[in-house]
Amino acid sequence: MIEIKKQIADSLAEHLPAESENIENLLQIPPEPEMGDYALPCFVFAKKLKKSPAKIAEKLAENLSKPDGINEFHAEGPYLNISVDRPRMYSKLLGSIVKTGKEVFSNDSGKGKTVVIDYSSPNIAKHLAVHHLRSAIIGRSLYNIFQACGYHCIGINHLGDWGTSFGKLIAAFERYSDVSPQDADVSDLQNLYVRFSKESEENPELEDLGRRKFKELENGDPEATKLWKQFKKISIEEFKKIYELLGIEFDAYTPESFYLSLAEDLLNRLRAKDIAMESENAVIADLEEQDMPPLMLQKNDGTTLYATRDLCAAEYRWINYRFEHCIYVVGGEQKLHFRQLKTVLKKMGYDWSDRIEHIDFGLLKLRDPKTGKASVGSTRKGDMILLEDVLKNGIERAKEKLNENIEKLSDDADLDKLAARIGIGAVMFSDLAVKRNKDVVFDWDRMLDFHGDTGPYVQYAHARLCSILRKAGVDVRPNADCALLKLPEEWKLVRLIEIYPSRIMQAAEKREPSIIANYLLNLCKLFSSYYSLGMKEPEKRVICEDQHVLGARLMLVEATKNVIAHGLELLGMNAPERM
RNA sequence: GCGCCGGUAGCUCAGUGGACAGAGCAUCGGAUUUCUAAUCCGACGGUCGCAGGUUCGAGUCCUGCCCGGCGUGCCA
């Protein structure tokens, strides 16, 4: 996409004690369009030039020669406001979007670099619940965002299929289950686990039994292994159904158990380097010098812990992918774990340990209807809201709405598919629109709302844009004249579209999909206002008498549509053409 | 106790150290012979947790405190 700011920054750099790139970052868009198209705040130069910001702005306005494409410099207090040749610059901008399509928004800042992203990574033998949503969709969205920045992405589902809890599950199965492993489903497994947890509260010996069973499993006991394999198979089958609904994919399913064979060698090396040592019959990595509690790597019964397997996984990923970034999309409650992990890797002498990044997010809490207090749901107690139920509810609600407006759809519309795109879109968007590290209290109504700042609102704007393009009945040409876009709303739209690529960069840098979601809301709000003008004043409609104005407006509509479609894609959502 | 995260309108949240702190929901009032009303327009609503400090300028940075959450060796 053409970069107007860059051009301006280049010409300003010759007259200021700063690099062009810094000036580009400094350039803003003035609050009112009458002030100009860009503004350079001059505060930062005051010290170096020993003049007041206002004076600097004034001097610059007087002395700068006007490069090609720039119409005017004028000082307004401490700001140097800049007006460009709007018709030329912005016709070019919109034209390039129409000509090239959505790819124009991508950049190549990550070209030749690999980013490994670990997301979703649920534990097996449990249903996916609402709180599993965040890692999955934030992770997948980051995958899409990095891809749009030219990175080679590896999406990994680091399935939680190993650990003491599976020893407990095996014990529970042997103790209570009346179904054969072949006939069991995830609900059976989860119920067994809950029952076992409850009983062990009164009968602590069961905890030991669970640990013993895990030891058997880790030692390769054939019976235990057979059960575990079956549990895993059942779980993955169910997970895949939900992933399909969510449109989430992975490049690799490499579960925790995959790294078990590497653990012994790792522990030996850690001991040899004096990073790991015996303590209370267990093996720990002491991190006191780093002001952290020790990281436990082997329990007193000789079995491994997730930290052990995570270290192996990190090494494995480095050897196989040579990543620029290795991102773990995991809840904030595991912050300490990842700090410890990085520190141990650093102690091992790996300079790539700096590339390990824990991208944390806030907890999802459930509100207790009685006390009104929000707290984290517990699988052990069985109080959780199934992800599938939430998605199904969303789909149902969308279907009702679609049936009300059935005449708006095409004859061959696939109602179920469309309802899924919208209903699930609502759920995903409600989560993606909030900044990662905020805790979220689950709320059916908010998650399934289709009005206001929601996913369906964005999708609806897209459908309207598509409708205009269909009804216009002419091709959108990339060479229309932007000078014909005279309404303030049109102008604001152009300016908002202009900054879209920079939002993608920001979203990638901050690992923050909500930047895209909030940007889309602003864009759609603006478009909807613009669109509504045409209700009372037909001459303000896109499809209008004047063919030249029509051409310019269609270019704007097409560009807006492309931005929305692209943005929704980055969020992992669909952009229906009718709804 | 210590560490980390959060505290902005009644509720849910935006807000690269910069021009007047913004949305959505809720409430109230308006707009539909439509380029799709899943929409739009208006009204109402603020000690940006508190107190200092840095700065030409602080919701944003620093320090202390208050409130809430999470974590803190045999779970993941």
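Scroll up to find the structure.
The structure contained in this document is the topic of the report that follows. (Residues numbered from 1 in each chain as written. Chains lettered and ligands numbered in written order. Predicted model: local features only at pLDDT ≥ 70, side-chain atom pairs only at ≥ 80, totals over all residues. Heavy atoms only, no water.)

1. Here we look at the packing of aromatic side chains
Taken as a whole and assessed by the stated rule, the structure comprises 22 aromatic pairs. The interplanar angle of 85° and the centroid separation of 5.8 Å between the aromatic rings of Phe43 and Tyr79 together place this pair among those described as edge-to-face. Placement of Phe43 in the loop between strand E1 (38-41) and helix H3 (46-49) and of Tyr79 in strand E3 (residues 79-84) is noted, with a sequence separation of 36 residues between them. Residue class for Tyr79 comes out partly exposed when judged on its relative accessible area of 31%. Ring geometry for Phe250 versus Tyr253: centroids 5.3 Å apart, planes at 65°, classification edge-to-face. (Phe/Tyr/Trp six-rings, centres within 6.5 Å; stacked < 30°, edge-to-face > 60°. Helix = DSSP H or I, 4+ residues; strand = E, 2+ residues; numbered from the N terminus. Buried < 20%, exposed > 50% of the residue type's maximum accessible area, 1.4 Å probe, protein only.)

2. Re the side chain of Thr304
By secondary structure assignment, the location of Thr304 is in the loop between strand E9 (295-298) and helix H12 (306-321). Residue classification places Thr304 among the buried positions, given a relative accessible area of 7%. Among the polar contacts listed, one links the side chain of Thr304 to the side chain of Glu218, at a separation of 2.9 Å. Within polar-contact distance, the side chain of Thr304 engages the side chain of Arg309 at 2.9 Å. Residue contacts for Thr304: discarding those within four places in its chain leaves Trp162, Phe214, Glu218, Leu260, Ala263, Leu297, Lys299 and Arg309. (Polar contact = N/O pair within 3.5 Å; in protein donor to acceptor, adjacent residues only side chain to side chain. Contact = heavy atoms within 4.5 Å.)

3. Examining the sheet that holds strand E14 (residues 440-441)
What the three strands build is an open sheet, ordered E13-E12-E14; its pairing is mixed. On the outer flanks of this sheet lie strand E13 (374-376) and E14, each paired with one strand and no other. (Pairing = 2+ DSSP bridges.)

4. Observations regarding the protein's contact with RNA strand B
Among the 71 residues in the neighbourhood of RNA strand B, the closest are listed as Tyr79, Tyr460, Ser467, Lys525 and Arg541. Sugar plus phosphate, as a fraction of atoms of RNA strand B within 4 Å of the protein: 62%. With respect to RNA strand B, the backbone of Glu280 contributes an N or O atom lying 3.1 Å from a base nitrogen. One nitrogen or oxygen atom from the main chain of Val542 is found 3.0 Å from a base nitrogen belonging to RNA strand B. (Near = heavy atom within 4 Å.)

5. A few points about the nonpolar core
Among the nonpolar cores identified, the biggest contains 161 residues, and Leu12, Leu40, Leu80, Ile82 and Tyr90 are the most heavily contacted of them. Setting aside chain neighbours within four positions, we find Leu12 in contact with Ile23, Leu27, Leu40, Leu64, Phe73, Leu80 and Ile82. Counting residues in hydrophobic clusters, the runner-up holds 34 residues, among them Leu266, Val283, Leu297 and Val344. (Core = buried A, V, L, I, M, F, W, Y, C linked by side-chain atoms within 4.5 Å.)

6. Digging into the pattern of salt bridges
Under the defined criterion, the tally for this structure stands at 31 salt bridges. Lys525 serves as the salt-bridge partner of Asp453, at 3.5 Å between the closest nitrogen and oxygen. With Asp453 in the loop between helix H16 (444-447) and helix H17 (455-472) and Lys525 in helix H20 (residues 514-536), the pair connects residues that are 72 residues apart, well separated along the chain. For Lys525, a relative accessible area of 36% puts it in the partly exposed group. Taken together, the shared-partner salt bridges connect Asp37, Arg86, Arg495 and Glu498 into one network. (Salt bridge = Lys/Arg side-chain N within 4 Å of Asp/Glu carboxyl O.)

7. With respect to H12
Along an α-helix, residues three or four positions apart point the same way, because every turn accommodates 3.6 residues. The first and last C-alpha atoms of H12 sit 21 Å apart over 16 residues, in line with the 22 Å expected at 1.5 Å per residue. Where H12 is concerned, the buried positions are Ala307, Thr308, Arg309, Asp310, Leu311, Cys312, Ala313, Ala314, Glu315, Arg317 and Trp318. Just beyond H12, the residue with positive phi is Arg322, at close to 45°. (Expected span 1.5 Å × (residues − 1).)

8. With respect to the packing of helix H11 (residues 260-272) against H12
Helix-helix packing: each pair is described by the crossing angle between the helix axes and the interaxial distance. Where H11 meets H12, the closest approach of the two axes is 9 Å, and the angle between their N-to-C directions is 95°. The angle between H11 and H12 places the two elements in the roughly perpendicular class. Contacts between H11 and H12 involve Leu262, Ala263, Leu266, Leu267, Arg269 and Leu270 from the former and Thr308, Leu311, Cys312, Glu315 and Tyr316 from the latter. (Axes fitted to C-alpha atoms, helices over the stretch in contact; angles between N-to-C directions. Parallel < 35°, antiparallel > 145°, perpendicular 65-115°, else oblique.)

9. Some details on the sheet that holds strand E10 (residues 325-329)
Overall, parallel pairing links the five strands, which are arranged E6-E5-E4-E10-E11 in an open sheet. Looking at the sheet topology across the chains shown, the edges are occupied by strand E6 (252-253) and strand E11 (356-359). Set on the sheet, H12 makes contact with strand E4 (114-118), strand E5 (152-157), E10 and E11; between it and E4 the angle comes to about 150°.

10. Looking at the pairing of E3
Within E3, five of the six residues are buried, which leaves it mostly tucked inside the rest of the structure. Pairing between E1 and E3: four bridges, direction antiparallel. In the strand pairing of E3, Leu40 is matched with Leu80. As judged from the six bridges shared by strand E2 (residues 70-76) and E3, these two strands associate in the antiparallel manner. Among the inter-strand pairings, Ile70 is bridged to a residue of E3, identified as Val84.

11. Structural notes on the side chain of Thr454
For Thr454, the position within the fold is in the loop between H16 and H17. At 3.2 Å, the side chain of Thr454 forms a polar contact with the backbone nitrogen of Tyr457.

12. Considering the state of the cysteines
Summed over all chains, the structure comprises zero disulfides. Free of any disulfide, Cys153 has its nearest cysteine sulfur in Cys149, 9.0 Å distant. (Disulfide = S-S within 2.5 Å.)

Interpretation note: all reported values are geometric properties and have no functional meaning in isolation.
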